[in-house]
Structures are given as C-alpha cells and as structure tokens.
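Single-letter residue listing:
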Amino acid sequence: MPSSSSGEKTVQKNAAPPLPEPLRVAVADSHTHLDMQNGTVEEGLAKAASVGVTTVVQVGCDLRGSQWAAETAGRYEAVHATVALHPNEAPRIVHGDPDGWSRQGAREAGGTAALDEALGQIDALAGLAQVKGVGETGLDYFRTGPEGKEAQEASFRAHIEIAKRHGKALVIHDRDAHADVLRILKEEGAPERTVFHCYSGDAEMAQVCARAGYFMSFAGNVTFKNAQHLRDALALAPLELVLVETDAPFLTPAPYRGRPNAPYLIPVTVRAMAAVRGIEEDALATALAANTARAFGYRA
C-alpha cells in the first residue's frame, strides 16, 4: 500500500500548475489542443485571458479533431483553427492501426484511396473562414517506421498544395526529419506563410528557416535543461519570425515539466524566451502578438 507521501507526490505531479503573473501585453498561443485538455473550452479561455493570453490557435490532428477545431473557432472569437492529418495519422489511414494507438481506436487499412478521401475532407474544412491554417502536417520519423514514410510524404505534399490553394498558413510538425521537411518544402514551393510548430532544430537550421522566411514557434521545451540547441536557435532567429506556443497539454515549461499544460502557462515560456533574447518582456510580447496575427492572417 503506497504511503501518504507518495500519494501526495502523485497528486502534485498531476495537478495543474498555478497561475503565473499576468503579462502586461497580450499574446497568442500559436498552437494548442483544447480538445485534449481538462475542463471546458470556456474555462480554458477565461483562465488564459486572465494572464494575458487572449487568442489561441486550435490545431487539428485528424478528421475528428479538425472538424472540432473548425466548429470551436466558429463559436469563439478568441479561437482560430487549423486543420490537417498529423504525420502519424497518414500511415494509420493507409496501413491501419491494429493496436488502436490513436484516438479513433483500432482501424483497418484503407489504402491510398482512404487517404485521398480524408485529404478531401481536410481540403473542404480549409476553405472555411475561421480556419486560418493547414496543419499540423509534415514528417515524424520518431513513431513511424520506414513503412509509413511514403504515406507521410504524400500527405505532407497534399497539405502544402491545400494551404497554397486556400491562401492559408502551413503549420509543420517536424520530428527527427529536418532535412526531408526542408527538401519537400523546397520541391513543392512553400506557402507564403509557413510555421515550424514546436521548433526542434538547431541554430544552423534556424538560419535556413530565416532565409526562407519561415516562422519558428517555440514551446515550453525551450526551458528544459537539455534544450540548449533550442535556446541557441531562439537567440539567432529574427524577432519578426518568432512565435510562442504551448502545444498543450504537452511540453509544460519548467519548473512544471510533467504536469498538465494549458494556454494560461504561456507567460512562463514568454519570460524564459525574453531572457534568452536579452530583451524586455513587453517588447517580446508585442512582437509575438503581431507575428502570430501576421502568420495566421487575422486581425490582432
């Protein structure tokens, strides 16, 4: 039987972190998953607004989540949506998901025809006014083995085309696939506004992104002890191309790593980013707000 002290530690680990000191200049969370967080949308938005996070970009990862994102953005002025099939979703559609790892549970293989059908539904959602971006799409070599790469690449190329045709931002998920992501963007021709969500490259890659005009969005992992490469990239990235995000409920910033993340924790990351950049918190927040509005094409 666990001791009371171990039980208290478990409760603390799972408990929501406290509200940070509010920002004086309002900012946007450029990438969050409200549908995966505890509490209602209203509660999450109110909590965020109370600390100066007045806008969120709700990101779709599959058909169900993309439809939810579009519907939620249609109901709340503070929410903008992006829609897509996550890189890991494409192989599940094509090859099946017998273990039911994704939120849809176990699925049979649908082949390329099923992927094309799903992409058609993403295309339709991308045409909605409240949908400001297409993503998160890209490549993820961490979870998907060689057998899934073909489906991921086909899906990524299709999302690039959808974003360009609708004039929407492209939101990229890039995990262990930097070279191939950059190559495909060059081959296809990137949309006018391209965002590297949860930027994971180093300073050298940041220079490549800067030359191409790609936005780099930094999440709570920029505060992690083992993330000096992210801080080096942040220090070098042009200020006008820098965004901030939570990717909540994931990547909770230090000192709350491992506990549930939510948009209201953006101020913790903003202050850490300001320290890395060596600029005032208000100056960074002003730039972040303007950059996010410009990246996703909404009025700040």
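The structure displayed is predicted, hence computed values, not measured ones.

Enquirer: Would you take a moment to explain helix H10 (residues 266-277) for this structure?
Expert: For the α-helix, the turn length of 3.6 residues means that residues three or four positions removed from each other point alike. Across its 12 residues, H10 extends 16 Å between first and last C-alpha, which sits within 8% of the 16 Å expected from 1.5 Å per residue. All of the buried residues in H10 are Ile266, Pro267, Val268, Thr269, Val270, Met273 and Ala274. Those residues of H10 hidden inside the fold are in contact with strand S1 (27-32), strand S2 (53-59), strand S7 (215-218), helix H9 (228-236), strand S8 (242-244) and helix H11 (281-296). Looking one or two residues past H10, glycine 278 carries a phi angle of roughly 70°, positive in sign.

Enquirer: Where do I start with unusual backbone geometry in this structure?
Expert: A negative phi holds for most residues other than glycine; trans holds for most peptide bonds. For the peptide bond that leads from glycine 135 to glutamate 136, omega is 20°, which places it in the cis range. Tracing the chain through its elements places glutamate 136 in strand S4 (residues 131-140). For the bond from alanine 254 to proline 255, the omega torsion is 10°, close enough to zero to count as cis. Mapping proline 255 onto the fold places it in the loop between S8 and H10. We note that cysteine 198 has phi near 45°; this positive angle belongs to a residue other than glycine. On the secondary structure map, cysteine 198 appears in the loop between strand S6 (194-196) and helix H8 (203-212). On the accessibility criterion, cysteine 198 (13% relative accessible area) is buried.

Conventions adopted
- All residue numbers refer to positions counted from 1 along the written sequence of the respective chain.
- Reporting of local features is limited, given that this is a predicted model, to residues whose pLDDT is at least 70; pairs of side-chain atoms are given and counted only at 80 or more, and all residues count toward the totals for whole chains, interfaces and linings.
- With hydrogens and water excluded, all non-hydrogen atoms of the structure serve as input to the side-chain values.
- A run of H or I in DSSP becomes a helix once it reaches four residues, and a run of E becomes a strand once it reaches two; helices and strands are each numbered from the N terminus.
- In this scheme, a helix's expected span is set at 1.5 Å multiplied by one less than its residue total.
- Three exposure classes are used, based on accessible area relative to the maximum for each residue type with a 1.4 Å probe and protein chains only: buried under 20%, partly exposed in between, and exposed over 50%.
- Contact definition: two residues touch when any of their heavy atoms are within 4.5 Å.

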